[in-house]
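# Examining the three-dimensional arrangement
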Amino acid sequence: MKPRMRLLKCLAILGSMSISSTVWAAPKGDLWVSKHTPMPSKRVGFSTSAANGKIYAIGGTDWDDEPRRGVVLRTVEEYDPLTNQWKRREGMRSGRSFLAATAANGRIYATGGSVQLFWDRKHVEEYNPATDTWERKADMLAARSEHFANTVHGRIYVIGEAADGAVEEYDPAADRWEVKSALPERRGSFATSVVDGKIYVIGGARWNPMRILATVEVYDPAADTWETRADMPTPRFNLFANAVNGIIYAIGGFSDAGRALPTVEAYNPETDTWETMAEMPEGRSGFSSSVVNERIYVFAGFNEFRRTVLIYTPPSRPPRSVDALGKAATTWGRVKTGR
């Protein structure tokens, strides 16, 4: 049984929380803000990517009321962080869920995904935000879903949830895919992020037998090699990770008890150390997030179907290092503001 099946079974018992317009502030300047303007459509299994200062939410599965519940979507919605507004854009040529999107050279590439729970695809489509058009590109070499796509020096790397575990590199100029070294520890439902031309694969789970992981491995595309780094303090899966100013923020996810976590932990690749940061106002997992102007935007999630948007502003300075094995709890102040 694929991990998404386990997650979807949890949806019926995971409630959503009422979110007011609140700012959660930490003494060091960490803060989370909830925004009033929600995503227009209620969906899961979508992917987001930022291009030209806008964020594009792509694909997914409809999670609205019957009779459309469970329909795989072509939907694309554009979010403008400056105006806090959404706009409907041209949909993909083929509907897909649990896909991965990344931007390269001003275009967005939607890779893989599934059309039903077990029907994974090799499809790749390129979106041009300037013309609001999609173009079919060369298929990946392996069908995959629930994977991640990252861009390094203009080339795209897809990692995760392929039958053979392979990593693939895509050259947009040549429209060609090539197999690269596989992820050393086979796992799924992890997060990825890029710092200084290297891709960090964080957390996740192994399913037979089930084990929730704190593992961190870094891929160097230039050398096509992998290296193990310091474990994340909190083991979790279905989290997301974003880099701001060279620091990676691992956000949310499921615990080994199946609880959606509000946890945020920051990783400094230079020192190979982790630090506990301000928590989200509530636990989330299976969401998608993107960075614009040094802020992290968190959209929806498996346990949050009201489509709200959370915005995180990281500290202005790099986090101090801590012992990842003995992470200290952090007490944060909470400040309410009317917006």
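To keep things clear, this report deals only with the structure shown in the data block. (Residues numbered from 1 in each chain as written. Predicted model: local features only at pLDDT ≥ 70, side-chain atom pairs only at ≥ 80, totals over all residues. Heavy atoms only, no water.)

## Regarding the packing of aromatic side chains
Going by this rule: Stacked, edge-to-face and tilted labels apply to pairs of Phe, Tyr and Trp rings (six-membered ring for Trp) whose centres lie within 6.5 Å, assigned for plane angles under 30 degrees, over 60, and everything in between, in that order. Helix and strand labels come from DSSP, where a helix needs a run of H or I of at least four residues and a strand needs a run of E of at least two; each type is numbered from the N terminus. The classification of residues rests on relative accessible area computed with a 1.4 Å probe and restricted to protein chains. Under 20% of the type maximum is buried, over 50% is exposed, and intermediate values are partly exposed.
Going through the model one piece at a time under the given rule, you end up with 19 aromatic pairs. Their ring planes at 55° and their centres at 5.8 Å tell us that Tyr200 and Tyr267 sit as a pair that is tilted. With Tyr200 in strand 18 (residues 198-207) and Tyr267 in strand 23 (residues 264-268), the pair connects residues that are 67 residues apart, well separated along the chain. Residue classification places Tyr200 among the buried residues on the basis of a relative accessible area of 4%.

## Some points on the pattern of salt bridges
Just so we agree on the cut-off: Whenever a carboxyl oxygen of Asp or Glu lies within 4 Å of a side-chain nitrogen of Lys or Arg, that contact is scored as a salt bridge.
A complete count under the given rule lists 17 salt bridges for this structure. Here Glu78 ties to Arg89 by a salt bridge, and the two come within 3.7 Å at their closest N and O atoms. One end of the pair, Glu78, is in strand 7 (residues 76-80); the other, Arg89, is in strand 8 (residues 85-89), and 11 residues separate them in sequence. As far as the burial class goes, Glu78 and Arg89 line up, both buried. For Arg107, the salt bridge identified is with Glu126, shortest N-O distance 3.1 Å. Taken together, the residues span a long stretch of sequence, with Arg107 in strand 10 (residues 107-111) and Glu126 in strand 11 (residues 124-128) at a distance of 19 residues.

## Some points on the side chain of Arg89
Note the following rule: Any two residues whose heavy atoms approach within 4.5 Å at even a single point are treated as in contact.
Judged by its relative accessible area of 17%, Arg89 is buried. Not counting residues up to four positions away in its chain, the partners in contact with Arg89 are Tyr56, Val76, Glu78, Tyr127, Pro129 and Asp132.

## Considerations on the nonpolar core
Selection rule: Remark: nonpolar core denotes a set of buried residues (Ala, Val, Leu, Ile, Met, Phe, Trp, Tyr, Cys) joined through side-chain atoms within 4.5 Å.
Counting 27 residues, the largest nonpolar core has Trp32, Ile159, Trp226, Tyr249, Ile251, Val264 and Ile296 as the members making the most contacts within it. Sorting the residues of this core by element identifies strand 13 (148-152), strand 14 (155-159), strand 18, strand 21 (240-244), strand 22 (247-251), strand 23, strand 26 (295-299) and strand 27 (309-313) as the ones contributing at least two each. No other element matches the 3 residues that strand 22 contributes to this core. If we ignore the near neighbours within four places in the chain, the residues touching Ile159 are Arg144, His147, Phe148, Val167, Phe190, Ile199, Val201 and Trp226. With 14 residues, the next largest nonpolar core counts Ala191, Val195, Val216 and Tyr267 among its residues.

## Quick word on the sheet that holds strand 18
As a reminder of what qualifies: Strands pair, by our definition, only if DSSP identifies at least two bridges between them. For every element, the axis is a line fit to its C-alpha atoms; helices are fit only across the contacting stretch, and the angle between N-to-C directions ranges from 0 to 180 degrees.
The 4 strands are arranged 17-18-19-20 in an open sheet whose pairing can be described as antiparallel. Strands at the two margins of the open sheet, each flanked by one partner only, are strand 17 (191-195) and strand 20 (225-229). When the angles between neighbouring strand axes are averaged without regard to direction, this sheet yields 30°. Relative to strand 19 (residues 210-220), strand 18 is paired through 8 bridges, and the arrangement is antiparallel. Note that in strand 19 the partner of Ile202 across the bridge is Val216.

## Quick look at the environment of Asn245
When you line up the elements, Asn245 lands in the loop between strand 21 and strand 22. A relative accessible area of 56% means that Asn245 is categorised as exposed. For the pair Asn245 and Val195, spaced 50 residues apart in the sequence, the C-alpha separation amounts to 8.7 Å.

All we've got here are geometric facts, nothing functional implied.
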